[in-house]
Amino acid sequence: MHVYPPPPEQPFTAHLVELRNRLLRVLAAVVVIFLILMPFANDLYTLLARPLLQVLPSGGTMIATEVISPFLIPFKFAFMVAVFMAMPLALHQTWSFIAPALFQQERRMMIPLLISSILLFYAGMAFAYFVVFPMVFGFMVGAAPAGVAVMTDISKYLDFVMTLFMAFGLTFEVPGVVVLLVKMGWVSVAKLKEIRPYVIVGAFVIGAIFTPPDIISQFMLAMPLWLLYELGIIISGFVGKTATPEDEPYRPLDEAEMEQEFDRMEAAEKHEQDKP
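Residues numbered from 1 in each chain as written. Predicted model: local features only at pLDDT ≥ 70, side-chain atom pairs only at ≥ 80, totals over all residues. Heavy atoms only, no water.

Draft legend 1. How the structure looks around the packing of aromatic side chains. Counted under the stated rule, the structure contains 13 aromatic pairs. Aromatic side chains F127 and F168 sit 5.9 Å apart centroid to centroid with 45° between the ring planes, which places their arrangement in the tilted category. Here F127, found in helix α5 (residues 104–142), pairs with F168, found in helix α6 (residues 154–171); they are 41 residues apart in sequence, far enough to count as distant. For F127, a relative accessible area of 23% translates into the label partly exposed. Among the residues examined, F168 registers a relative accessible area of 0% and is labelled buried. Aromatic ring contacts, followed pair by pair, group Y45, F77, Y129, F130, F133, F137, Y157, F160 and F165 into a single cluster. (Phe/Tyr/Trp six-rings, centres within 6.5 Å; stacked < 30°, edge-to-face > 60°. Helix = DSSP H or I, 4+ residues; strand = E, 2+ residues; numbered from the N terminus. Buried < 20%, exposed > 50% of the residue type's maximum accessible area, 1.4 Å probe, protein only.)

Here it is as structure tokens:
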């Protein structure tokens, strides 16, 4: 039986060069997408502001309190959109860089997790835009005292909605994180169920920190966080922990397996000796 020696390891500098090249590809993709989106920067910002503009009273508008804001803010948002659109490429480049160091079983586990993480993050942003924003902005505009005109600065609005986008995008990653923890054997499904009360309290604390000081937005973040945690527990119950050599009972090698192991060791030793 012929045994192939293990491939030679690359020097550390080669890994740095590969990492630099992959980062440059991601950066180039962001720049290209941004250049494509630049002519549509104002339209993109109008689309972003639509949930607020739709609930403002008749004649209500947004304002710009800084001289350069009407020019700079739409391009700033266009660049953020370019970064979000380049996320799949960034994760693909990250995966291509670390995949050679993983075992086949780990690769089979990571690929669906990477794909689901992208889709879940985009789903969280869509949930924030189509569900959370109309309710939050409607509540805020409706709660304004009589005689107070709601006129939000475009820069402050961008900062506000990007915070919510990130909060809900990361919140929707909870099922993937829970499944990964169980698959890696770091926590059991029983333990996840045991700490459920603490997770519920933590969800409302996170909602209070990363959302405006109103009960609606806090509830809108805490409830999905809790429900997605429960979804992660359900999925983990079907997936279970990945079997590891430590989980298997000890079994001594038979003669054929011992011979294969000796052949592999001899081939590796010969390969080391043949190195210049």
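Having seen it, we continue.
Draft legend 2. The arrangement of the packing of α6 against helix α10 (residues 215–239) in detail. Running from N to C, α6 and α10 cross one another at 20°; their axes reach a closest spacing of 9 Å. As far as their axial angle goes, α10 and α6 are roughly parallel. By crossing handedness, the relation of α6 to α10 is classed as left-handed. Facing A167, F168 and T171 of α6, the residues of α10 in contact are M220, L221, P224, L225 and L228. Classifying every residue of the contact of α6 with α10 by side-chain character gives seven nonpolar, one polar and no charged. (Axes fitted to C-alpha atoms, helices over the stretch in contact; angles between N-to-C directions. Parallel < 35°, antiparallel > 145°, perpendicular 65-115°, else oblique. Left-handed = near helix turned anticlockwise from the far one by under 90°. Contact = heavy atoms within 4.5 Å. Nonpolar A, V, L, I, M, F, W, Y, C, P; charged D, E, K, R; others polar.)

Draft legend 3. Structural detail: α6. Look at α6: 26 Å from first C-alpha to last across 18 residues, which is about the 26 Å you get at 1.5 Å a residue. Structurally, the start of α6 carries an N-cap: the backbone nitrogen of S155 is 3.1 Å from a side-chain oxygen of D153. (Expected span 1.5 Å × (residues − 1). Polar contact = N/O pair within 3.5 Å; in protein donor to acceptor, adjacent residues only side chain to side chain.)

Draft legend 4. Representation of helix α2 (residues 41–53) within the structure. If you check α2, its first and last C-alpha atoms are 17 Å apart, about what 13 residues at 1.5 Å a residue would give, namely 18 Å. The sharpest bend along α2 reaches about 30° and sits at L47, with the proline P51 one to four residues further on. Of the residues making up α2, those classed as buried are A41, L44, Y45, L48, A49, P51 and L52. (Bend = angle between axes of the 7 residues up to and from the residue.)

Draft legend 5. Region of the structure containing the side chain of Q93. For Q93, the location among the structural elements is in helix α4 (residues 87–98). Here R22 takes part through its side chain, which lies 2.8 Å from a polar atom of the side chain of Q93. A polar side-chain atom of Q93 sits 3.4 Å from a polar atom in the side chain of R25. With residues near it in sequence (within four places) discarded, Q93 still touches R22, R25 and V26.

Draft legend 6. Summary view of the packing of α2 against helix α3 (residues 69–85). Their axes nearest at 8 Å, the elements α2 and α3 cross at an angle of 85°. On the basis of the axis angle, α2 is roughly perpendicular to α3. Taken together, the residues of α3 that come into contact with α2 (itself represented by A41, N42, L44, Y45 and L48) are I73, P74, F75, F77 and A78. Here the residues of the contact of α2 with α3 sort into nine nonpolar, one polar and no charged.

Draft legend 7. Highlighting the environment of M125. Along the chain, M125 falls in helix α5. We classify M125 as buried; its relative accessible area is 13%. The sequence separation of M125 and L170 amounts to 45 residues, and the corresponding C-alpha distance is 9.1 Å. Apart from residues no more than four positions distant in its own chain, M125 is found in contact with F84, F165 and G169.

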